[in-house]
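# Structural overview
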Amino acid sequence: MQEFAERVAVVTGGASGIGRAFADRAASLGMRVVLADVEKAALDTAAGEISATGADVIGVPTDVTDPDAVDALARTAVDHFGGAHVVFNNAGVLVYGAIWENTLEELRWTMDVNVWGVIHGIRSFMPILLEQNVPGHVVNTASMAGLTAAPYLDIYNATKHAVVALSESLHKEMLMLGAPIRASVVCPGLIKTKITRSERNQPGTGTRDPDRSELSEGGALMSKFLNEGIEDGYPPERVAEETFDAIREERFYVIPAQEDVKAGLYQRLDEVRDERNPEMPGILAPED
Ligand SMILES: NC(=O)c1ccc[n+]([C@@H]2O[C@H](COP(=O)([O-])OP(=O)(O)OC[C@H]3O[C@@H](n4cnc5c(N)ncnc54)[C@H](O)[C@@H]3O)[C@@H](O)[C@H]2O)c1
């Protein structure tokens, strides 16, 4: 896809972090922007700020775990702006811990947002993109955790591997169909956003205390590693820039990650190829 002006971008999780950067970049390219998020106040603020730049934007409160809400989001994009051309299935949450340490509520919630949210996005928007039969692009935000498997990030890793697989299937299906639609999967490393405060959006009971005092030693170590890494992480704008380059180049993999984070991916690819047992990547290995 080469032309962005006047086309319609839809961004889930668009009120913060990487989603907000996608929306800002889309607006700066003259796209009309449909901003979707479960956090109403943050959504209003983001939509107001983007609108103040002169862009055409609407904020649509949307919980991506609800298929009817995502269907309604798609209808709103069509009714308001006449279609949808670049769809960012980006909303996501992060939970630490080994599977047996997590509550069922947080495991199901993470699956619901990170996997079902993307599934709902694909189900609601693909018929629209295919029917339009003009250049379009689906961008699914996975993570480096979708290509590797660090300890004490179990459910997060599982959800992000699912997003990579769903995206790759979609990419191949578009080629088989000869459709003018392409797909990319974004696998960021450490990006400075509010992802380590995901519990702010967790519904119901089972919410962990933000100080995470009840995490196991392993979970606490991973939390500390990610909190520090994300605090010093790349700005989300860098992810948006690389992603729009990839859309133009019809490139599937977008991996805006630090070199030492990427080293863990290369190590894993070698382990799989050589059928070697997985080892701790250097970046996570205990210091001497
Ligand atoms: N920050 C990183 O280092 C990093 C690394 C790899 C991947 N990611 C992924 O990037 C994506 C964006 O996260 P971020 O880092 O910008 O974090 P963020 O918390 O700043 O933004 C996530 C947004 O998603 C929204 N959201 C949460 N649950 C939702 C729901 N049910 N429905 C709709 N919106 C919902 C939040 O309100 C928030 O606005 C996520 O999928 C995350 O897993 C982030």
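It should be emphasised that the depicted structure is a prediction, and the values quoted were computed from it without experimental measurement. (Residues numbered from 1 in each chain as written. Predicted model: local features only at pLDDT ≥ 70, side-chain atom pairs only at ≥ 80, totals over all residues. Heavy atoms only, no water.)

Our next topic: the overall build of the chain. Across its full length, the chain carries eight helices and seven strands. At 18 Å, the chain has a C-alpha radius of gyration in line with the 19 Å of a compact globule built from 288 residues. Seen through its principal axes, the chain has C-alpha atoms that stretch 55 × 45 × 30 Å. A buried classification covers 51% of the 288 residues belonging to the chain. Counting contacts in the chain only where the partners sit at least 6 residues apart, residues at least 24 apart contribute 72% of the total. (Helix = DSSP H or I, 4+ residues; strand = E, 2+ residues; numbered from the N terminus. Rg over C-alpha atoms; globule rule 2.2 N^0.38 Å. Buried < 20%, exposed > 50% of the residue type's maximum accessible area, 1.4 Å probe, protein only. Contact = heavy atoms within 4.5 Å.)

As a further point, take the site of the ligand. Taken together, 31 residues form the shell around the ligand, and within it S16, D37, Y156, I191 and T193 come nearest. One of the backbone nitrogen or oxygen atoms of V64 is found 3.0 Å away from a nitrogen atom of the ligand. In this structure, K194 approaches the ligand through a main-chain N or O atom, which is 3.1 Å from an oxygen atom. Its free accessible area being 830 Å², the ligand has 98% of it covered by the protein chains. Residue assignment for the shell around the ligand shows that the elements contributing at least two residues are α1 (17–28) and α5 (154–177). When its residues are assigned to classes, the shell around the ligand shows 13 nonpolar, twelve polar and six charged. (Near = heavy atom within 4 Å. Polar contact = N/O pair within 3.5 Å; in protein donor to acceptor, adjacent residues only side chain to side chain. Areas by Shrake-Rupley, 256 points an atom, 1.4 Å probe, with all protein chains shown as cover. Nonpolar A, V, L, I, M, F, W, Y, C, P; charged D, E, K, R; others polar.)

So, about the pattern of salt bridges. The full count for this structure, using the stated rule, is 16 salt bridges. Among the salt bridges present, the one from R32 reaches E6, with a minimum N-O distance of 3.1 Å. Highlighted residues: R32 in strand β2 (residues 32–37) and E6 in the segment before β1 (8–12), separated in sequence by 26 residues. Judged by relative accessible area, which is 49%, E6 ranks as partly exposed. Residue K172 is joined to E168 by a salt bridge in which the shortest nitrogen-to-oxygen separation is 2.8 Å. Taken together, the residues span about one helical turn, with K172 and E168 both in helix α5 at a distance of four residues. A relative accessible area of 27% means that E168 is categorised as partly exposed. What emerges from the salt-bridge pattern is a single network uniting D270, R273, D274 and R276. (Salt bridge = Lys/Arg side-chain N within 4 Å of Asp/Glu carboxyl O.)

A cluster of acidic residues, D63, D66, D68, D71 and D112, forms a negative patch on the protein surface. Residue classification places D71 among the partly exposed residues on the basis of a relative accessible area of 34%. (Patch = residues over 30% accessible without salt bridge, like charges linked within 9 Å, V, L, I, M, F, W, Y side chains within 5 Å. Lys, Arg positive; Asp, Glu negative; His and termini not counted. Charge placed at Lys NZ, Arg CZ, Asp CG, Glu CD.)

Residues V10, V34, F125 and L226 are the most contacted members of the largest nonpolar core, which totals 57 residues. It is helix α4 (residues 104–132) that provides the largest number of residues to this core, a total of nine residues. Excluding anything up to four places from it in sequence, V10 contacts V34, L73, A77, A84, V86, V87, F88 and F125. Listed in part, the 32 residues of the second largest apolar core include L35, A46, V186 and I247. (Core = buried A, V, L, I, M, F, W, Y, C linked by side-chain atoms within 4.5 Å.)

Attention shifts here to the packing of helix α3 (residues 67–81) against α4. Between α3 and α4, the shortest axis-to-axis distance is 9 Å and the interhelical angle comes to 30°. Taken together, the axis directions place α3 and α4 in an arrangement best described as roughly parallel. For the pair α3 and α4, the sense of crossing is right-handed. For the pair formed by α3 and α4, the contact residues are P67, V70, D71, L73, A74 and V78 on the first element and H120, G121, S124, F125 and I128 on the second. Partitioned by chemical class, the residues of the contact of α3 with α4 number seven nonpolar, three polar and one charged. (Axes fitted to C-alpha atoms, helices over the stretch in contact; angles between N-to-C directions. Parallel < 35°, antiparallel > 145°, perpendicular 65-115°, else oblique. Left-handed = near helix turned anticlockwise from the far one by under 90°.)

This part takes up the domain arrangement of the chain. Where interface size is quoted, it is often the accessible area lost as the parts come together. On domain assignment, one finds that the chain holds domain 1 (8–257) and domain 2 (261–288). Spacing between the C-alpha centres of domain 1 and domain 2 amounts to 26 Å. Contact residues are listed per partner, giving 13 residues for domain 1 and eight residues for domain 2. Around 830 Å² of area is buried between domain 1 and domain 2 when both sides are counted, 83% of it from carbon and sulfur atoms. Here domain 1 is connected to domain 2 by one residue pair in polar contact (both at pLDDT 80 or more). Its residues assigned to classes, the side of domain 1 that touches domain 2 shows ten nonpolar, three polar and no charged. (Domains from an automatic or database assignment. Buried area = accessible area lost by both parts, 1.4 Å probe.)

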